[in-house]
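So you can see what is in the structure, the chains are spelled out below.
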Amino acid sequence: MASTTLNGKITKVFPKVQITETVSKIEMVIDTEEENKGKIYTQTLLLTFSGKNIELAKGLKVNDEKTFTVDIRGRVKEKQDSETRYYTTLSVYRVEALN
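## Comments concerning the overall build of the chain
The number of helices and strands found in the chain is zero helices and six strands. If you list the helices and strands of the chain from N to C, you get β-β-β-β-β-β. With the C-alpha coordinates of the chain rotated into their principal frame, the extents come out at 45 × 35 × 25 Å. Across the 99 residues of the chain, 25% fall into the buried class. Here the contacts in the chain between residues at least 6 apart in sequence split such that 49% fall between residues at least 24 apart.

Right, here's the structure in full:
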């Protein structure tokens, strides 16, 4: 499993969602900025906090700027008589103050 670190500003926090009786998640959107040849490019990313890491989302709010360490997870969903869909999840396992 691949992982990476993202610096970003929180732009939206979604309510906690109960997936099963024992599993829940919180999602939030962050904006990151990258500079390339003197031009700034903003990327908008959806982050997921789930399992024991859901506690990391507590206290985070819109406009907070943080460093997020995430696992990059992917899966394939095939349905009968339908096209194959591919999904990517950025699953947060560490949150730190932005340096």
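We are not done yet, so read on.
## Describing the pattern of salt bridges
Note on pairing: side chains with opposite charge can pair once their charged atoms come close. Under the criterion given, the structure shown has four salt bridges. Here Glu55 makes a salt bridge to Lys58, at a shortest N to O gap of 3.3 Å. Take Glu55: its relative accessible area is 48%, and that puts it in the partly exposed class. Taking the shortest distance from any N to any O, the salt bridge between Asp71 and Arg73 comes out at 3.7 Å.

## Let's talk about the nonpolar core
Generally speaking, a soluble globular protein has its nonpolar side chains buried in company with each other. Residues Leu47, Phe49, Phe68 and Val70 are the most contacted members of the largest nonpolar core, which totals 14 residues. Taken together, the elements giving at least two residues each to this core come down to β1 (2-13), β3 (24-36), β4 (39-50), β5 (65-77) and β6 (85-97). Top contributing element to this core by residue count: β3, with three residues. Look past the residues within four positions of Phe68 in its chain and what remains in contact with it is Thr4, Thr5, Leu6, Gly8, Ile10, Ile30, Leu47, Phe49, Leu60, Val92, Arg94 and Val95.

Criteria and cut-off values
Residues numbered from 1 in each chain as written. Predicted model: local features only at pLDDT ≥ 70, side-chain atom pairs only at ≥ 80, totals over all residues. Heavy atoms only, no water. Helix = DSSP H or I, 4+ residues; strand = E, 2+ residues; numbered from the N terminus. Buried < 20%, exposed > 50% of the residue type's maximum accessible area, 1.4 Å probe, protein only. Contact = heavy atoms within 4.5 Å. Salt bridge = Lys/Arg side-chain N within 4 Å of Asp/Glu carboxyl O. Core = buried A, V, L, I, M, F, W, Y, C linked by side-chain atoms within 4.5 Å.

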